[in-house]
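Observations on the model geometry
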Amino acid sequence: MRQYILFVLILALATAITIPAAAQVQIYSNDFEDSSPIGPEWTLLGSAPSTDTTPGTSQHPADTFLGQLSNDTLSLTLHNLHPAHTTVSLSFDLYIIRSWDGNFSTDERGPDFWGIDEGPIPTDPEDWEFVTTFSNWNPAVSNDPHQAFPDAYGTGDYLPRTGTIENNTLGYQWNTYDMDAVYHIDVIDRPHTGADLTFSFGAQHLQDLADESWGIDNVQVSINVPEPATIGLLVIGAVPLILYRRNRR
Ligand SMILES: [Ca+2]
Ligand SMILES: [Ca+2]
Ligand SMILES: [Ca+2]
């Protein structure tokens, strides 16, 4: 009788925790420092991607990143994704350097578009899956240009630098102003099942590289893998059943 109760208890426990589970498995990371150079997974339309190192400040010492980029389209392509997965997540730091003008549209200085797309990026930013703008001006100055981020261009109208994790820490200057910003971007749990994956990043309508540029750093990609928890726990649940039957003999 005791064994029977034990069996029922363990079976009940096994049943209770056979809820489908999933695990995040990191499949790629790159901080572009010496030990992790740009690999063939990175492509830049029109030229080879390269790294640059920030001038650095006491808050954020010199840091190597993929950039500086201008009106470029950059792609990250990963092959042979395994094990089988249901979603993919991407995170990275976006460096916005010098005099970005956000939604400003009075003359050719803006808007300054930045976007992301799964797959190759279309030429026209209006066709990008997500397109926004950034303004590196002073949020305390009332008529400095606003930005669309963290929303999409066309709907977002926020103070300059909304959503930054760092301001003027990279060490870049425009004119006599310290002018850079860091954003941490998370793309969480996008449905994805195939073996190949491409994310593209791009900017359009920026002024010269010395005026406005961007780069990315600390890239991480992970996939969400369903765990065979049910099978494992049913095996655990079967053990006391076998013991119980043996004991009855
Ligand atoms: Ca770095
Ligand atoms: Ca500008
Ligand atoms: Ca501009």
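Residue numbers here run from 1 along each chain, matching the order of that chain's written sequence. By the order in which they are written, chains take letters starting at A while ligands take numbers starting at 1. Where local features are concerned, this predicted model is filtered to residues with pLDDT of at least 70; where side-chain atom pairs are given and counted, the filter is 80 or more; whole-chain, interface and lining totals use all residues. Side-chain numbers come from the whole structure's heavy atoms, not from hydrogens or water.

Moving on, we come to the coordination of the calcium ion (ligand 3). Any nitrogen, oxygen or sulfur atom within 2.8 Å of a metal ion counts as a donor, with the limit raised to 3.2 Å for Na, K and Ca, and since water is left out, coordination shells can look unfinished. Taken together, D101 (OD), R109 (O), D112 (OD), D112 (OD), Q207 (OE1), E212 (OE) and E212 (OE) make up the full set of protein donors to the calcium ion (ligand 3), lying 2.1 to 2.8 Å away. Summarised as a motif, the one-chain spacing of the donors to the calcium ion (ligand 3) is D-x7-R-x2-D-x94-Q-x4-E. Using a relative accessible area of 40% as the deciding quantity, one classes R109 as partly exposed. The rule is simple: take the accessible area with a 1.4 Å probe, protein chains only, and divide by the maximum for that residue type; under 20% is buried, over 50% is exposed, in between is partly exposed. The class for Q207 is partly exposed, based on a relative accessible area of 22%.

What follows concerns the pattern of salt bridges. Pairs may arise between side chains of opposite charge once their charged atoms sit close together. By definition, a salt bridge exists where a carboxyl oxygen of Asp or Glu is found within 4 Å of a side-chain nitrogen of Lys or Arg. What the rule picks out here adds up to three salt bridges. In this structure, D107 and R109 form a salt bridge, with 2.8 Å as the shortest nitrogen-oxygen distance. Each of E118, E129 and R190 takes part in one network of salt bridges that share partners.

Under the pairing criterion, centres of Phe, Tyr and Trp rings, with the six-membered ring standing for Trp, must be within 6.5 Å; the plane angle then separates stacked pairs below 30 degrees from edge-to-face pairs above 60, leaving the rest tilted. All chains considered together, the criterion is met by 14 aromatic pairs. Taking 5.0 Å as the distance between ring centres and 35° as the angle between the ring planes, the aromatic pair formed by F134 and F149 counts as tilted. Taken together, the residues F134 in the loop between β8 (130-133) and β9 (166-167) and F149 in the loop between β8 and β9 connect sequence positions 15 residues apart. On the accessibility criterion, F134 (0% relative accessible area) is buried. Seen from their ring centres, F149 and Y183 are 5.1 Å apart, and the 75° between their planes marks the pair as edge-to-face. With F149 in the loop between β8 and β9 and Y183 in strand β12 (residues 180-191), the pair connects residues that are 34 residues apart, well separated along the chain. The pair formed by F149 and Y183 is uniform in burial state, with each residue classed as buried. An aromatic cluster is defined as three or more aromatic residues linked by ring pairs; in this entry it consists of F32, W42, F92, W100, W114, F134, F149, Y183, F201 and W214. Runs of H or I in DSSP of at least four residues are treated as helices and runs of E of at least two as strands, each being numbered from the N terminus.

All right, on to the coordination of the calcium ion (ligand 1) then. For the calcium ion (ligand 1), the full set of protein donor atoms is D31 (O), E33 (OE), D63 (OD), T64 (O), D217 (OD) and D217 (OD), at a range of 2.3 to 2.7 Å. For four-coordinate sites, all angles between 85 and 135 degrees define a tetrahedron; for four- and six-coordinate sites, opposite donors beyond 155 degrees with the remaining angles between 65 and 115 define square planar and octahedral shapes respectively, and all other cases count as irregular. Bound by six donor atoms, the calcium ion (ligand 1) shows angles of 50 to 160° at the metal and therefore irregular coordination geometry. Between consecutive donor residues of the calcium ion (ligand 1), the sequence gaps follow D-x1-E-x29-D-T-x152-D. Residue E33 is located in the loop between β1 (21-30) and β2 (42-44), and its partner D217 is located in strand β14 (residues 212-227); the two are separated by 184 residues in the primary sequence. Judged by relative accessible area, which is 27%, E33 ranks as partly exposed.

Let's shift gears to the sheet that holds β8. Here we have five strands laid out as an open sheet, ordered β2-β5-β13-β7-β8, and antiparallel in their pairing. Two strands in the sheet have a free side with no partner beyond their single neighbour: β2 and β8. Pairs of neighbouring strands in the sheet enclose a mean axial angle of 15°, with direction left out of account. In this analysis, strands are considered paired if DSSP registers two or more bridges between them. In terms of strand pairing, β2 meets strand β5 (residues 73-78) through three bridges, oriented antiparallel. For helices, the axis comes from a line fit to the C-alpha atoms of the stretch in contact; other axes are also lines fit to C-alpha atoms, and the angle between any two N-to-C directions lies between 0 and 180 degrees.

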